[in-house]
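Letter by letter, the chains look like this.
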Amino acid sequence: MLEEIVKQQYKRLGVEEDVYEFGKSILQELKPRFEAIDQVAECNHLRVMEAFQKNRVRTECFNMATGYGYDDVGRDTLEQVYADLFHAEAALVRPQITCGTHALALALMSNLRPGDELLSPVGKPYDTLEEIIGIRPSKGSLAEYGISYRQVDLKEDGTFDYEGIKAAIHEKTKLVTIQRSKGYATRPTLSVEQIGELIHFIKEIKPDVICMVDNCYGEFVETVEPIDVGADMMVGSLIKNLGGGLAPIGGYIVGTNECVENAAYRLTSPGLGKEVGASLGVMQSFYQGLFLAPGVVASALKGAIFAANIYERLGFDVHPNATEPRYDIIQAVTFHKPEGLIAFCEGIQAAAPVDSYVTPEPWDMPGYDDQVIMAAGAFVQGSSIELSADGPLRSPYTAFFQGGITWNHAKQGILMSLQKMKEKGLISL
Ligand SMILES: *Cc1c(COP(=O)(O)O)cnc(C)c1O
């Protein structure tokens, strides 16, 4: 009875009954996995609550600070909450950190000095880091400051090249950057356990090397985080997992006192560090976003797994596949033709709470060789913890899909993508 009403409502939004039923048949098999995801979320929720309660988060924390922002109780308490939550000595959680790339640049530039070398033992880092490092020449890059870079690629089977890593570490190696999520590459995402093994190996060779983890898209997917397995620093964006969909801007760095202090002096100024930086009224969204984040990440994960199972069943290449364990919230679906990628993105857009009436079109995006199509009907511009999809218009025509603030919305978006694929004759159910 109730289900009939649900189906009718789907129909009013353009999702036909056979699409709904196909989704339902897939979902029935996913119950045990969804239960495990809920359990991870429950554990992470309790960890967040423990940090909130220990630090006496209170109404005063949401007051708006302006000007220099001295003694901004909300900001200082939130940083202590982050430090405790992630078992770190210190944290820097600021709206003045404009995005994930900025947070990573800050962490690197503040902890490296001329003559030092940066090492990536997990292959090529995320696109935007190429300009920070100077792999692609860029104004203000680490290379311009005399900081060199070395990279050891993963082996063909996706495992660490321990011999190559050992050979790449020498007296100048100061900082090691480890990217947890595959991002938009084809390598596997690393589990926290794997990251721990890598850090252990590196510290045996050189104990004083700083191990930094690019934690973007990985937070709260597991019940442990990289700091728990020996990372000195962990860095990410608040318009991804930890902002819970509510943070309108921001980035974070958590880690050792030394690393975080260096970052604070670089973000503001030598001598000022963490003491300044007014939070301008965003604190409530940072706290409430963190409070919601475990559940939001669970919704996004369910969406990713639902999509993988649907599209794998229909014969498309999906990465990770339908049954693999998950270490981040990104799902790739390969369509092998442009029409598939476009229809998928149109479906995600059509199901959006914002801008649902616009049709996404491939465009020449700055910095990319090929045209890119993007679906993002988000409350926060560019937020990728909200349901979103994009992909370059080149073979093999892969859509990267992530987010979903609520499971209901992730499900609706995926069913809508399926509906568009069906309408264009690209699948038959
Ligand atoms: C998103 C992302 C970044 C960059 O974050 P922005 O907020 O887009 O600047 C860096 N590394 C990884 C792995 C990411 O997923």
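Note that the coordinates shown come from a computational prediction; the quantities given were computed from them, not determined experimentally. Within each chain, residue numbers correspond to sequence positions counted from 1 in written order. Only residues with pLDDT of at least 70 are given local features in this predicted model, and only at 80 or more are side-chain atom pairs given and counted; all residues enter the totals for whole chains, interfaces and linings. Hydrogen atoms and water are omitted, and side-chain values are computed over all heavy atoms in the structure.

**So, the site of the ligand**
Phase 1 of the analysis: Looking at the ligand, the residues that line it are Cys-99, Gly-100, Thr-101, Leu-104, Tyr-126, Gln-179, Asp-214, Cys-216, Tyr-217, Ser-237 and Lys-240.
Phase 2 of the analysis: Throughout this description, a polar contact denotes any pair of N or O atoms lying within 3.5 Å of each other; where both atoms belong to protein, one of them has to be capable of donating a hydrogen while the other can accept it, and for residues adjacent in sequence the pair is counted only when both atoms sit in side chains. In this structure, an oxygen atom belonging to the ligand sits 2.5 Å away from a side-chain N or O atom of Thr-101.
Phase 3 of the analysis: The separation between an oxygen atom of the ligand and a polar side-chain atom of Lys-240 is 3.0 Å.
Phase 4 of the analysis: Strands here are runs of E lasting at least two residues and helices are runs of H or I lasting at least four, both read from the DSSP assignment and numbered beginning at the N terminus. It is helix α5 (residues 100-111) that provides the largest number of residues to the shell around the ligand, a total of three residues.
Phase 5 of the analysis: Just so you know the grouping, Ala, Val, Leu, Ile, Met, Phe, Trp, Tyr, Cys and Pro go in nonpolar, Asp, Glu, Lys and Arg go in charged, and all remaining residues, Gly too, go in polar. By residue class, the composition of the shell around the ligand is five nonpolar, four polar and two charged. We define proximity as follows: a residue is near a molecule or strand when any one of its heavy atoms falls within 4 Å of that partner.

**Thoughts on the packing of helix α4 (residues 73-85) against helix α10 (residues 283-313)**
Phase 1 of the analysis: Axes here mean lines fitted to C-alpha atoms, for a helix over just the part in contact, with angles spanning 0 to 180 degrees between N-to-C directions. Between α4 and α10, whose axes approach to 10 Å, the crossing angle comes to 20°. If you check the angle between α4 and α10, you find them roughly parallel. The interaxial crossing formed by α4 with α10 has left-handed handedness. Two secondary-structure elements touch here, α4 through Val-73, Gly-74, Arg-75, Thr-77, Leu-78, Val-81, Tyr-82 and Leu-85 and α10 through Met-283, Phe-286, Tyr-287 and Leu-290.
Phase 2 of the analysis: Grouping the amino acids of the contact of α4 with α10 by side-chain chemistry returns nine nonpolar, two polar and one charged. Oblique is the label for any angle not covered by the other classes, which are roughly parallel (under 35 degrees), roughly antiparallel (over 145) and roughly perpendicular (65 to 115). Should the near helix be turned anticlockwise from the far one by less than a right angle, the crossing is termed left-handed; should it be turned clockwise, right-handed. Contacts between residues were defined by any pair of non-hydrogen atoms, one from each residue, lying within 4.5 Å.

**Observations regarding the pattern of salt bridges**
Phase 1 of the analysis: Salt bridge, as used here: a side-chain nitrogen of Lys or Arg that lies within 4 Å of a carboxyl oxygen of Asp or Glu. This structure, assessed with the given rule, holds 25 salt bridges.
Phase 2 of the analysis: For Glu-17, the salt bridge goes to Lys-7, with nearest N and O atoms at 3.1 Å. Highlighted residues: Glu-17 in helix α2 (residues 17-29) and Lys-7 in helix α1 (residues 2-12), separated in sequence by ten residues.
Phase 3 of the analysis: The network of salt bridges with common partners includes Lys-124, Asp-127, Glu-130, Glu-131 and Arg-136.

**Looking at empty space enclosed by the protein**
Phase 1 of the analysis: Lining residues are those with an atom within 4 Å of a point, where the points come from a 1 Å grid over the protein atoms alone and group into cavities, where a 1.4 Å probe fits but cannot get out, or pockets, open sets with protein on both sides within 12 Å along at least five of seven lines. Grid points are joined across faces, edges and corners, and a volume is the space filled by probe spheres set on the points. Using the criterion set out here, one finds one cavity of 30 Å³ or more in the structure.
Phase 2 of the analysis: Lining the largest cavity we find Ser-120, Val-122, Gly-123, Pro-125, Leu-129, Thr-177, Ile-178, Gln-179 and Asp-214.
Phase 3 of the analysis: Looking at the lining of the largest cavity element by element, the count peaks at three residues for strand β4 (residues 173-179).

**Details of the packing of aromatic side chains**
Phase 1 of the analysis: A pair of aromatic rings is counted whenever rings of Phe, Tyr or Trp (Trp by its six-membered ring) have centres within 6.5 Å, and the orientation is called stacked for planes under 30 degrees apart, edge-to-face for over 60 and tilted otherwise. Counted by the stated rule, this structure contains 18 aromatic pairs.
Phase 2 of the analysis: Look at Phe-34 and Trp-407: their rings are 5.2 Å apart centre to centre, the planes differ by 85°, and that puts the pair in the edge-to-face class. Linking Phe-34 in helix α3 (residues 31-54) with Trp-407 in helix α12 (residues 407-423), this pair joins segments that are 373 residues apart in sequence. Side by side, Phe-34 and Trp-407 carry an identical accessibility label, which is buried. Burial here depends on accessible area, computed with a 1.4 Å probe over protein chains only, as a share of the maximum for the residue type. Under 20% is buried, over 50% is exposed, and the range in between is partly exposed.

**Thoughts on the environment of Asp-232**
Phase 1 of the analysis: Residue position: Asp-232 is located in the loop between β5 (210-214) and β6 (233-237).
Phase 2 of the analysis: Residue Asp-232 is classed as buried on the basis of its relative accessible area of 14%.
Phase 3 of the analysis: For Asp-232, the contacting residues outside a window of four places in its chain are Lys-203, Val-209, Ile-210, Cys-211, Ile-227, Val-254, Gly-255, Thr-256 and Cys-259.
Phase 4 of the analysis: Reaching out from Asp-232, the side chain makes a polar contact with the backbone nitrogen of Cys-211 at a distance of 2.7 Å.

**With respect to the packing of α10 against α12**
Phase 1 of the analysis: Contact geometry for α10 and α12: axes closest at 8 Å, N-to-C directions at 25°. As summarised for this structure, α10 and α12 are arranged roughly parallel, according to the angle between their axes. The hand of the α10/α12 crossing is right-handed. Residues Ser-299, Lys-302, Gly-303, Phe-306, Ala-307, Ile-310 and Tyr-311 of α10 form the contact with α12, whose participating residues are Trp-407, Ala-410, Lys-411, Ile-414, Leu-415, Ser-417, Leu-418 and Met-421.

**Observations regarding the sheet that holds strand β7 (residues 251-255)**
Phase 1 of the analysis: For two strands to be treated as a pair, DSSP must find at least two bridges joining them. Read from one edge of the open sheet, seven strands run β1-β7-β6-β5-β4-β2-β3, paired in mixed fashion. Two strands bound the open sheet, and with one partner strand each, they are β1 (90-94) and β3 (148-151). Put simply, the sheet's adjacent strands are angled 20° from each other on average, direction ignored.
Phase 2 of the analysis: Pairing between β1 and β7: five bridges, direction antiparallel. Each residue of the ladder has a partner; that of Val-93, found in β7, is Tyr-252.

**Some words on the side chain of His-409**
Phase 1 of the analysis: As for its placement among the helices and strands, His-409 is situated in helix α12.
Phase 2 of the analysis: Looking at His-409, its side chain comes within polar contact range of the main-chain oxygen of Ala-351, at 2.8 Å.
Phase 3 of the analysis: If near-sequence neighbours (up to four positions away) are discounted, His-409 is found in contact with Ala-351, Ala-352, Pro-353 and Leu-387.

**Here's the deal with the domain arrangement of the protein**
Phase 1 of the analysis: Residue ranges labeled as domains rest on an automatic or database domain assignment. What the domain assignment reports for the protein is domain 1 (2-44 + 291-423) and domain 2 (64-286).
Phase 2 of the analysis: On a C-alpha basis, the centroid separation for the pair domain 1 and domain 2 is 28 Å.
Phase 3 of the analysis: The partner domain 2 presents 27 residues to the 27 residues of domain 1 that form the contact.
Phase 4 of the analysis: Each partner contributes to the roughly 2300 Å² buried at the junction of domain 1 and domain 2, and carbon and sulfur atoms together form 65% of this total.
Phase 5 of the analysis: As used here, buried area is the combined drop in accessible area, with a 1.4 Å probe, of two parts when they are placed together. In terms of surface lost to domain 2, no three residues of domain 1 exceed Asn-44, Tyr-327 and Asp-328, which account for 26% of the buried area on that side.
Phase 6 of the analysis: Linking domain 1 to domain 2 there are one salt bridge.
Phase 7 of the analysis: Measuring nitrogen to oxygen at the nearest pair gives 3.6 Å for the salt bridge that ties Lys-182 to Asp-328.
Phase 8 of the analysis: Linking domain 1 with domain 2 are eight residue pairs in polar contact (both at pLDDT 80 or more), by the criterion used here.
Phase 9 of the analysis: Of all the secondary structure elements, the ones that give two or more residues to the side of domain 1 that touches domain 2 are α3, α10 and β12 (398-402).
Phase 10 of the analysis: Among the elements that make up the side of domain 1 that touches domain 2, the one with the highest residue count is α10 (six residues).

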